[in-house]
Amino acid sequence: AAVVMKKRPLMAFTDGLPGWTVLRDTLSVSELDAWILDGADLWTAAASVKEQGARVLTFPVLGRERDTRYPVNRAARWHDAKVPFAFVLAADDTEGAARLRDHVTELVRSGLPADAALAALTQQPAAALGLAEKAGTIAAGRRADLLFWSGDPFDPASRLVRILVAGETVERIPRAGAASKKEDP
């Protein structure tokens, strides 16, 4: 009932274009707050996805055009089609989270506008989780979960310098295998 009343988003896990076709032909997608998990060739149906008002959860990696070796920046294709999208982790583990910025940086370097990439990392995931009124953008009364970078967050030379969670500074925990700095006596 919460999905039908648009109080909660519907997250549909399809197998790309065939799954989207079944979903589109079975449900009134345009009447739901629908997020569709991207598949290898779903971007080829961007016009249909946009027409239905669905939004996309996509992986922040370059794909390949079917039966070719040509790379496809699916996030850039969604952006160009004006279909809202949010990034999901390419791997559901700590390494996937650690590599998220690197993957998105590669997409920005291959044609995705930086502002679209930032929205796909912040406000769009908040919307997908039904938290758009509480998180995802910087505004009074919103939860303050922020990362501070030494420069452009999509510049590989930029480094994370501070983390805020709910407005409180969080101490960074070094990744396993990272070299620790030794202080001189």
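Residues numbered from 1 in each chain as written. Predicted model: local features only at pLDDT ≥ 70, side-chain atom pairs only at ≥ 80, totals over all residues. Heavy atoms only, no water.

Q: Help me understand helix α1 (residues 17-26), please; the structure alone is not making it clear to me.
A: Since one α-helical turn is 3.6 residues long, residues separated by three or four positions face the same way. G19, W20 and L23 are the residues of α1 that are buried. One face of α1 carries all of its buried residues, which in axial projection span an arc of 100 degrees. Facing away from the buried side of α1 by over 90 degrees, the exposed positions are V22 and D25. Where α1 is buried, its residues touch β1 (10-12), β2 (34-37) and α2 (46-51). (Buried < 20%, exposed > 50% of the residue type's maximum accessible area, 1.4 Å probe, protein only. Helix = DSSP H or I, 4+ residues; strand = E, 2+ residues; numbered from the N terminus. Arc of directions from axis to C-beta. Contact = heavy atoms within 4.5 Å.)

Q: What should I look at first to understand the sheet that holds strand β3 (residues 55-58) in this one?
A: The strands making up a sheet associate through backbone hydrogen bonding, with each pair oriented either parallel or antiparallel. Overall, parallel pairing links the four strands, which are arranged β1-β2-β3-β6 in an open sheet. Across the chains shown, the open sheet's two edge strands, defined by having one partner strand only, are β1 and β6 (85-87). Adjacent strand axes in the sheet meet at a mean angle of 25 degrees, parallel and antiparallel pairs treated alike. (Pairing = 2+ DSSP bridges. Axes fitted to C-alpha atoms, helices over the stretch in contact; angles between N-to-C directions.)

Q: Could you clarify how one ought to interpret the side chain of D41 in this entry?
A: Within the fold, D41 resides in the loop between β2 and α2. Side-chain polar atoms of D41 contact the backbone nitrogen of L17, separated by 3.1 Å. (Polar contact = N/O pair within 3.5 Å; in protein donor to acceptor, adjacent residues only side chain to side chain.)

Q: I would appreciate a short explanation of a nonpolar patch on the surface in the present structure.
A: A grouping of M11, F13, L129 and L131 is seen on the molecular surface, where their side chains present a nonpolar patch of about 400 Å² in accessible area. Secondary-structure assignment places L129 in the loop between α6 (123-128) and β7 (146-149). (Patch = residues over 30% accessible without salt bridge, like charges linked within 9 Å, V, L, I, M, F, W, Y side chains within 5 Å. Areas by Shrake-Rupley, 256 points an atom, 1.4 Å probe, with all protein chains shown as cover. Salt bridge = Lys/Arg side-chain N within 4 Å of Asp/Glu carboxyl O.)

Q: Could you clarify how one ought to interpret the nonpolar core in this entry?
A: Generally speaking, soluble globular proteins have nonpolar side chains that are buried together. Core analysis: the largest hydrophobic core is formed by 28 residues, its most contacted members being W20, I36, V49, W78, F85, F87 and L112. Once residues lying within four places of it in the same chain are set aside, the contact partners of W20 are T14, V29, I36, L42, A45, S48, V49, Q52 and A54. By size, the runner-up hydrophobic cluster in this structure holds six residues, among which are W35, L57, A86 and A127. (Core = buried A, V, L, I, M, F, W, Y, C linked by side-chain atoms within 4.5 Å.)

Q: Help me out: how do you make sense of unusual backbone geometry in this one?
A: When glycine is set aside, most residues are seen to have a negative phi, and most peptide bonds are trans. The phi dihedral of D67 is positive, around 60 degrees, even though this residue is not glycine. Looking at where D67 falls in the secondary structure, it is placed in the loop between β4 (63-64) and β5 (71-72). Even without being glycine, K82 reaches a positive phi, approximately 60 degrees. Its location among the elements puts K82 in the loop between α3 (74-80) and β6.

Q: Where do I start with the packing of helix α4 (residues 94-109) against helix α5 (residues 114-121) in this structure?
A: Describing two packed helices takes the angle between their axes plus the distance from one axis to the other. Where α4 contacts α5, the two axes come as close as 9 Å, and the packing angle between them is 150 degrees. Considered as vectors, α4 and α5 are oriented roughly antiparallel to each other. Considering how the two elements wind past one another, α4 and α5 form a crossing that is right-handed. In contact with L100, V104 and V108 of α4, α5 contributes A114, A117 and L121. Of the residues assigned to the contact of α4 with α5, the class counts are six nonpolar, no polar and no charged. (Parallel < 35°, antiparallel > 145°, perpendicular 65-115°, else oblique. Left-handed = near helix turned anticlockwise from the far one by under 90°. Nonpolar A, V, L, I, M, F, W, Y, C, P; charged D, E, K, R; others polar.)

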